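The chain contents come next:
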Amino acid sequence: MKHVLKHIILFLLVAWMSFAPTQVVAQDTEQPKEEKFDAKSFIFGHTGDSYCYHITEINGEPICVWLPVIVKCKDGGSWHCFSSKHVCELKDGETYNHNGANFYVSPISADKYPGKLVEVKADGSLSRPFDISFTKNAFGIFFVCIFMLAFFLPAAKMYKKNPTGKPNKYQGMVEWLTYMVLDGIIRPNIPEKQVKRFAPYLLTVFFFIFFANLFGLIPFFPFSANVTGNLSITVVLALLTYFFVNVFGNKHYWKDILWPDVPIFLKAFPLMPIIELISTITKPFALMVRLFANILAGHIVIMVLMALIFIIGGMYGAGMGGVMSIVSIFMTIFMTALELLVAYIQAYVFTILSSLFIGMAQQEPENE
Amino acid sequence: MDLFLPESGLVIWMLIAFLIVFFILAKVGWPMIMGAVEQRNAQISDSLLAAEEANNALAGIEQKRQETMAAAQAEQIKMMKESQELKTQLIEEAKAQARQEAEKIVADARLKIEKEQAEAMAEIKNEVIALSIEMAEKLLRRELDDKQSQADYIEQLLKNNPTRIEA
């Protein structure tokens with residue numbers, strides 16, 4: 001019993017510590033200026049993308065990883081590449097001049113381009129440049145990718161060296177993870193002959209989403225980027241699934257779309273083909289929105305629970321805020337545990353539906 | 001809302017990073033893992049099959065051995081039986097021969113006895129004849145002398161030689 005209690009206290013302490021930086025930031029910006037706590041900026045600032053990787057703040061000095069900003073100005077403008085340090089530390093109304101162009105990051109509360117880098121033209125109008133900055137989420141993507149390579153390639157190398165030897169514990173783990181997806185998700189949905197062809201994509205998608213989801217839940221530096229809760233990422237994944245479904249779809253699949261077995265008046269006036277064609281798009285679209293919305297919602301709920309501390313604290317004083325923080329932390333622990341489940345479920349759902357759609361496009365016509 | 005619009009820059013980064021990882025893993029990652037596991041599966045099932053075959057072969061050898069043993073035992077028993085038979089037969093034959101021999105000896109002996117008896121009888125006869133003649137001779141000689149003394153003499157002769165007369 002005592003042993004269990006010790007673990008719970010330790011866990012609470014760690015949980016408290018991992019959320020401490022956000023509180024410090026919020027309090028520092030809030031109290032000296034007597035500003036009202038801006039829950040919206042707080043929540044979307046943490047769930048959205050950002051040009052720098054904010055780690056913590058010590059004595060009012062932000063500790064950040066400054067990521068590169070790469071933009072091309074509109075209307076034949078030039079390329080600009082500079083450290084995000086210059087634009088993230090600007091005060092209100094200031095702009096950063098780089099090679100004759102003025103930039104600033106629009107605040108999250110702004111109506112136009114919230115949280116994005118904007119160029120201020122000479123006439124004072126705002127314009128959004130073509131932006132391929134290496135942002136926090138891009139960093140998150142690369143981190144997940146590098147982790148995947150570092151996780152799976154050594155195992156593959158060991159297997160290549162000694163294919164039939166006794167696998168060690170690490171290989172056993174890799175094997176277990178791989179075959180969990182292969183036998184549990186891919187094989188039931190894709191014809192056996194095609195498994196080898198599509199398994200690499202589906203395995204990569206599964207582990208990318210799974211690791212990105214998990215890393216998104218870890219609230220400190222190299223992790224914490226809300227990768228899969230960003231539409232830009234899920235749209236790419238959905239497009240790839242769309243590509244694999246339709247490009248590798250067989251004759252039977254296309255016949256079912258363009259000339260299905262329905263009465264002639266339904267397909268001559270091309271009602272059914274149109275519906276079928278739209279359905280090929282709605283399927284990956286649903287995949288995209290499902291993953292994005294689930295992960296984003298989970299992150300938002302956690303951030304709302306955190307914001308609640310400051311909202312209550314602002315309304316009823318620091319004492320109530322302290323009480324609220326205890327409640328919030330318990331609820332956040334619950335939410336984080338739930339998000340662990342969601343992390344797996346969403347990776348599972350995305351992969352199983354992708355393999356289902358791919359498998360459906362590989363069906364051979366039934367003999368009648 | 002801005003949240004629901006994909007960001008072109010992020011899309012490009014995602015596409016690049018994901019495709020790189022996908023191609024690397026599809027080339028040197030997943031096929032190695034899957035191939036090795038399948039190879040091992042095949043090896044394990046092959047080994048199991050081979051073990052079963054070896055077991056079966058072993059069982060066959062064992063059965064053969066037992067069969068040979070049983071055959072040898074049967075042979076042994078048969079041989080023992082035969083020798084036993086031979087032995088009894090030999091004994092029987094010997095006994096029969098011995099009996100024949102004995103019978104022959106007995107028959108010979110009987111013959112001999114009979115012959116000797118006949119000879120003895122003939123001898124006795126001859127002796128009786130000789131005795132009779134002698135007696136008759138002596139009688140004849142004394143008769144001439146005296147009648148009384150004649151009868152006494154016969155009496156005396158008979159007394160002196162009772163066996164000869166009986167025979």
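Scroll up a little and you will see the structure.
Residues numbered from 1 in each chain as written. Chains lettered and ligands numbered in written order. Predicted model: local features only at pLDDT ≥ 70, side-chain atom pairs only at ≥ 80, totals over all residues. Heavy atoms only, no water.

Asker: Explain the overall build of chain A to me, please; I cannot follow it from the model alone.
Answerer: Along the backbone of chain A there are 11 helices and nine strands. With respect to the three principal axes, the spread of C-alpha positions in chain A is 80 × 70 × 45 Å. Among the 368 residues that make up chain A, the fraction classed as buried is 46%. When contacts within chain A are restricted to residue pairs at least 6 apart in sequence, those whose partners lie at least 24 apart make up 61%. Of the roughly 19,000 Å² of accessible surface on chain A, 68% is carried by carbon and sulfur atoms. (Helix = DSSP H or I, 4+ residues; strand = E, 2+ residues; numbered from the N terminus. Buried < 20%, exposed > 50% of the residue type's maximum accessible area, 1.4 Å probe, protein only. Contact = heavy atoms within 4.5 Å. Areas by Shrake-Rupley, 256 points an atom, 1.4 Å probe, with all protein chains shown as cover.)

Asker: Got a minute to help me understand the nonpolar core in this structure?
Answerer: Side chains of a nonpolar character, in soluble globular proteins, are inclined to be buried together. By size, the foremost hydrophobic cluster in this structure holds 81 residues, and its most contacted members are Phe207(A), Phe208(A) and Leu237(A). Breaking this core down by element, the ones donating at least two residues are helix H4 (136–161), helix H5 (169–186), helix H6 (195–217), helix H7 (231–247), helix H8 (251–258), helix H10 (271–316) and helix H11 (318–360) of chain A together with helix H1 (8–143) of chain B. Element by element, the count of residues in this core is highest for H6(A), at 15 residues. If we ignore the near neighbours within four places in the chain, the residues touching Phe207(A) are Met148(A), Phe152(A), Leu177(A), Thr178(A), Val181(A) and Trp30(B). Counting 10 residues, the second largest nonpolar core, distinct from the first, contains Val69(A), Phe82(A), Phe103(A) and Leu117(A). (Core = buried A, V, L, I, M, F, W, Y, C linked by side-chain atoms within 4.5 Å.)

Asker: Would you explain the interface of chain A and chain B in this entry?
Answerer: Where interface size is quoted, it is often the accessible area lost as the parts come together. Contact with chain A, which involves 54 residues of that partner, is made by 35 residues of chain B. Buried surface at the junction of chain A and chain B, both sides included, amounts to about 4,000 Å², of which 80% is carbon and sulfur. Summed over the shared surface of chain A and chain B, the result is five salt bridges. Notably, a salt bridge pairs Lys196(A) with Glu38(B), separated by 2.9 Å at the nearest N-O pair. (Buried area = accessible area lost by both parts, 1.4 Å probe. Salt bridge = Lys/Arg side-chain N within 4 Å of Asp/Glu carboxyl O.)

Asker: Honestly, a nonpolar patch on the surface in this entry has me stumped. Any pointers?
Answerer: All names here are of chain A. Together, Ile311, Met315, Tyr316, Met320, Val323, Val327 and Met331 give the surface a local cluster of nonpolar side chains, amounting to about 650 Å² of exposed area. Contributions of two or more residues to the nonpolar patch are made by H10 and H11. Top element by residues in the nonpolar patch is H11. It accounts for four residues. With respect to the element layout, Met331 can be found in helix H11. We classify Met331 as partly exposed; its relative accessible area is 39%. (Patch = residues over 30% accessible without salt bridge, like charges linked within 9 Å, V, L, I, M, F, W, Y side chains within 5 Å.)

Asker: Sorry if this is basic, but what is going on with a negative patch on the surface here?
Answerer: On the surface, Glu116(B), Glu119(B), Glu123(B) and Glu127(B) cluster together to form a negatively charged patch. Within the fold, Glu116(B) resides in helix H1. (Lys, Arg positive; Asp, Glu negative; His and termini not counted. Charge placed at Lys NZ, Arg CZ, Asp CG, Glu CD.)

Asker: Looking at this model, I keep getting lost on the packing of H6(A) against H11(A). Mind explaining?
Answerer: When two helices pack together, their arrangement is given by the angle between their axes and by how far apart the axes lie. Residue and element names in this part refer to chain A. Viewed as axis vectors pointing N to C, H6 and H11 meet at an angle of 165°, and their least axial separation amounts to 9 Å. It follows from the interaxial angle that H6 and H11 lie roughly antiparallel. Where H6 crosses over H11, the two elements pack in a sense that is right-handed. Partitioning the contact of H6 with H11 into residue classes produces 17 nonpolar, six polar and one charged. (Axes fitted to C-alpha atoms, helices over the stretch in contact; angles between N-to-C directions. Parallel < 35°, antiparallel > 145°, perpendicular 65-115°, else oblique. Left-handed = near helix turned anticlockwise from the far one by under 90°. Nonpolar A, V, L, I, M, F, W, Y, C, P; charged D, E, K, R; others polar.)

Asker: Where do I start with H5(A) in this structure?
Answerer: Each full turn of the α-helix corresponds to 3.6 residues, which orients residues three or four apart in the same direction. Residue and element names in this part refer to chain A. The first and last C-alpha atoms of H5 sit 24 Å apart over 18 residues, in line with the 26 Å expected at 1.5 Å per residue. Taken residue by residue, H5 has Gln171, Val174, Glu175, Leu177, Thr178, Tyr179, Val181, Leu182, Ile185 and Ile186 as its buried positions. Backbone nitrogen of Tyr170 and a side-chain oxygen of the N-cap are separated by 3.3 Å at the start of H5; the cap is Asn168. (Expected span 1.5 Å × (residues − 1). Polar contact = N/O pair within 3.5 Å; in protein donor to acceptor, adjacent residues only side chain to side chain.)

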